[in-house]
Amino acid sequence: MSKIFIFFTIFALILFTPSVAQQYPVTHYTTLDGLANNAVQAMYVDSRGLLWVGTEHGISLKENGTFKNFYEEDGLAFGSCWAITEDQKGHMWFGSYGGGISRFDGKRLTSFGSQIGLIDTRIRHFYPYQNKIFIGTENGISIIDIETDQITALEETVLDSPQSYVSGFFDHEEYLYYSTYGMGVYRLDPKAPENSLFKVNDHAMIYALEKVSDQIYTSNKGNLDQFDIEDLIKGKSPKFSFGQSIVWDFGIINQENIVLATWGIYANNGGIYRLGNQKFEDISNKIPVDSKTLKSVVYSPNDQKLYLGSSKQGVYAIQLVDDVLYFPYENKSVLGFCFEFGNEAILHHKGFDILQNNSEKAIFIKNEDFKNQADKYLQQRNAYIPKHEDDFFELKLDTSKDDILYYEVHAHDEKYWISSNLGLFVLNQNGDFLHYLPIHTYKIGFTNQGELIETNPYGGVRIYSSLEPLQYTYFGYKEDETTPTMVTGISKVHNKTFFASVFEGLFHYDGTKFFSYQNGNGFEPSKIKEMNATSDGKLILATEFDSIYVVEGAGDFEILEKIPREHIVGKTVVFLESYEDYIFIGTEKGLNIHHNGYVRVLDDEQGLNHMIFLSAKVRENKLYLGTTQGYYTLDLPRILHSKPNKIHLAVSEVLVNQKPLDPDAYSWFAYNKSQISTPFGNQTLLMKFKPVGYRYPDKLAYRYRLKPTDEWSPYSTDAQLFLSYLPYGNFNIEVEVYDQFTGTLSTTQLIQLKITRPFYYSPIFIFAFLALVLYFSFLLYKERIRRLRDKEAITQGLRRQSAETKLEALQSQMNPHFIFNALTSIQLYIVKGDSKNATSFIQRFTSLIRKTLNNSSELYIPIKEEVNYLQDYIAIENQRRLEKISFTFDVESDIDLSWQVPPMLIQPVIENIFMHAFVSNFPGGEVLIILKIMDEKRLSCTVEDNGVGINQKGKFKNNNSKGLDLVKRRIALLFEEEGDYLQIGTASQGGTKVTITIPLKKI
């Protein structure tokens, strides 16, 4: 608490003391910087530290130095915003003049417009009170319940007067009070506002109202009225009236420091004032705001900035910290500082000023004074004028006072030494001229013995042992290559005087001669632009294109540190300074501060708005920077030893495959979840993030990594990540932040990212895929088998057709043999004249021939038909031979007689029995025919007789059987392969036993 008190005490003393000329840095924002409109009507800093700006055309939100705008198309009730507040839930409310109210809940705008209960759509003021917001309008008051969004109109507050608009609120004890412009001050009971209205004071012409402790300030036409609260609510008049303009808003920094935003309407007396002791204190010289039409003011404690809103010129941001102070110095170009002898001396483009601290006396030496001193010297009879041909730098003695160019100022031997294009001037501490030397030189210095050093940029070096008369030792570069030319700096370190040259590098002078550090003597860089000697005997050297070096100058020469040029912000080094173990490097981009290997940067974000640096000087704990329009002072302990803040980052926008995430995923302009999950295929992301609540966001550089084991990306000042074609998996995105203001590093977890595994990597899919592959492989295999079978079927069909043709041929060979035997029998009957038997035989024969013809064209016939056919054949043969051979058929019970077998395979065996088994007059011939199932495709037929039998070679004793050979061949064709399908052996009764394997078709 004491630190805050001390800060604001210093603030009040410095900011509001008229004798002090310093200015606080001001940044001006307009529509060119992204502001919605330059006509600002209201401003508010919310609990998150965000600045809301209500304009005549939209609302602007300032965060991290940029503006985000909201218009009617975004959900705003009306573009003209005159009032802003925040409720207990942290929701923002915006009152428009003519369109009602709007609420922003962190995700979206909700417009209430002309909703029932809103007494007037012309909103002037808001006043949050517990779970309600009192809405002051152009004509009366409404109340909105933030829990239910219900709006209630207080009809008794409607006064129906052009002067009845509400101009302010305050609460005191248990009551709420509000002021109107011209109808007085009223009291309400906030707990039961209906029928509680009571007028407490007739005071009128109130433009604005503010409660400060136990005092009430009301803005009148051209002045401010001050009341004790008790006096106001008792109807008394103000105890003080003061000021000179109309106050539209009060910016409360603390109870002692209140800033007034004023606009005189018809008088040009507006601007920024401080509320003093019954007076307006004009602070425009401390806060250079050029607007006279200020309508709003608000203070942001988070970044210690004061914001002013102009009705015509946008927003002004004033940085109220003492780290950086600006002194306009009448817009003079400050070329050098001298703080020796207890004085403050400043060299500028219009002369030389000395502020004597012990007497607070200011001495101003102008250009004409320098010109007069030069002319006075030239008027002397024996005035010595150095000549250019003597290797002096050319001097134009007719230079006018307006064309004088000053180069630098030095303090030496209790005197000030000032070099210029008109010559070298020596002054005492009171500003009196002691010497004038007609010497034109850019750089001067002094040896350890106190001798003046003069350098000729294109010649050599002179060391003066006397000024009156001029006596010197000349070191010409033509005579001695170790003599420096184009000297850019001279510094003394212990017993050495160092020279920096933009052509030849580094030299030193030991009192008698020069020594060059080039050509293998310790320091090769040649183009040295700036040089500075530290208090502990080191030299800092800035080369034109190379790095910046820190070398040992007091002892043995060595390079102590090399600062890479890429670590420096800016291309051109314009000055070097040092403080303790800090190195200050000025460039066109700002002030670089190097310390322990890290570089910090200060620029316009810290208040260095004028960055064309002409000079720099450390005095005690302050760094002075001269510019083309005055100078800055920097409080070094506050800047260098400030504690780094923890930097919090929030994801502000995510695009997945160039498509934004659902707006509901954001709250208060930040992604409101700890993880982003996206399916595989959507693995290209653009992720924008932002620092939250940090004063200097432009000073941050970022690098990131996706996993702790990954390498860091290169640093970038763009607060965004572009991640393309990420693999699936979980990523814990870390961001390392380099703060260029404090020179510190911090690492924070930005967000967790999950790219879901593609479905084809899941075990279920892999199993299903393999099963599918196997299934399709099986289908392909089956298709292959089917095609092979089809091909084989075609082949077999061709073979079958060939076999059938062969079978038919074989059958055609069998049929004539049988027919021949039958016809022979018929012939015998006819010869014998046995017409009856002949006729009977012919009938049976024709029937058998018919069946033979029918069966011969079929590959398979039913077993029943085959048995019938054999029975008919046996009957004919018995009749033809006049022999009665007994035939018995034994068919297995499991055989279905509808099953099919090839026709006429058994008949040749029967025929052989008739022909070979029984000799003439063989008594009791018997034949047994047995049909059995072998398997699903084969039938066994065994034919046994009790005849004469077979010989040992398997042939019938009387003759060979051609018919059996035909049977074998037919069966082999039917089975499509050779085999032992017909077996001939001896029956159990001594006869012949023939076993045939017959193809079977079950139908």
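All of these numbers come straight from a predicted model, not from anything done at the bench.

**Notes on the pattern of salt bridges**
- With the rule as written, the count across this model stands at 34 salt bridges.
- The salt bridge involving D120 is made with R122; its shortest N-O contact spans 2.9 Å.
- Using a relative accessible area of 32% as the deciding quantity, one classes R122 as partly exposed.
- For E783, the salt bridge goes to R787, with nearest N and O atoms at 3.0 Å. In this pair, E783 and R787 are both assigned in helix α5 (residues 763-832), four residues apart and thus about one turn of the helix distant.
- Of the residues examined, R787 reaches a relative accessible area of 54% and is grouped as exposed.
- By sharing partners, the salt bridges in this structure join D46, R48 and E86 into a single network.

**Remarks on helix α6 (residues 835-856)**
- Here α6 contains 22 residues, and its C-alpha end-to-end distance of 30 Å stays within 8% of the 32 Å for a straight helix at 1.5 Å per residue.
- Of all the residues in α6, the buried ones are A838, F841, F845, L848, I849, T852, N855 and S856. Along the long axis of α6, the arc covered by the buried residues comes to 125°, so they all point the same way. With respect to the buried face of α6, the exposed residues turned more than 90 degrees away are K836, Q843 and R850.

**A word on unusual backbone geometry**
- Cis geometry is found at the peptide bond from E468 to P469, where omega equals -5°.
- Even without being a glycine, D160 presents a positive backbone phi close to 50°.
- Considering the arrangement of structural elements, one finds D160 in the loop between β13 (151-154) and β14 (166-172).
- The phi dihedral of Q278 is positive, around 55°, even though this residue is not glycine.
- Inspection of the secondary structure puts Q278 in the loop between β24 (271-275) and β25 (280-282).

**A look at the nonpolar core**
- Of all hydrophobic cores here, the largest spans 49 residues; its most connected members are F584, L591, L625, L634, M687, I733 and L750.
- Setting aside residues no more than four positions away along its own chain, L591 makes contact with F575, F584, I585, R600, V601, L602, L608, F613, L623, L625 and L634.

**Structural notes on the packing of aromatic side chains**
- Tallying each qualifying case throughout the model produces 65 aromatic pairs.
- Ring centres 5.3 Å apart and planes at 65° place the aromatic pair Y377 and Y436 in the edge-to-face group. With Y377 in helix α3 (residues 367-378) and Y436 in strand β37 (residues 433-437), the pair connects residues that are 59 residues apart, well separated along the chain. For the pair Y377 and Y436, a shared accessibility class is recorded, and that class is buried.
- Summarising the aromatic geometry, the rings of F393 and Y442 are spaced 5.3 Å apart at their centres and angled 65° between planes, so their arrangement reads as edge-to-face.

**Points about empty space enclosed by the protein**
- Considering all chains together, one arrives at two cavities of 30 Å³ or more under this definition.
- Approximately 40 Å³ is the volume found for the largest cavity.
- Of the residues that constitute the lining of the largest cavity, the class distribution is seven nonpolar, no polar and one charged.

Definitions and limits used
Residues numbered from 1 in each chain as written. Predicted model: local features only at pLDDT ≥ 70, side-chain atom pairs only at ≥ 80, totals over all residues. Heavy atoms only, no water. Salt bridge = Lys/Arg side-chain N within 4 Å of Asp/Glu carboxyl O. Buried < 20%, exposed > 50% of the residue type's maximum accessible area, 1.4 Å probe, protein only. Helix = DSSP H or I, 4+ residues; strand = E, 2+ residues; numbered from the N terminus. Expected span 1.5 Å × (residues − 1). Arc of directions from axis to C-beta. Core = buried A, V, L, I, M, F, W, Y, C linked by side-chain atoms within 4.5 Å. Contact = heavy atoms within 4.5 Å. Phe/Tyr/Trp six-rings, centres within 6.5 Å; stacked < 30°, edge-to-face > 60°. 1 Å grid on protein atoms, 1.4 Å probe; cavity = no way out; pocket = protein on both sides within 12 Å on 5 of 7 lines; lining within 4 Å. Points joined across faces, edges and corners; volume = space filled by probe spheres on them. Nonpolar A, V, L, I, M, F, W, Y, C, P; charged D, E, K, R; others polar.

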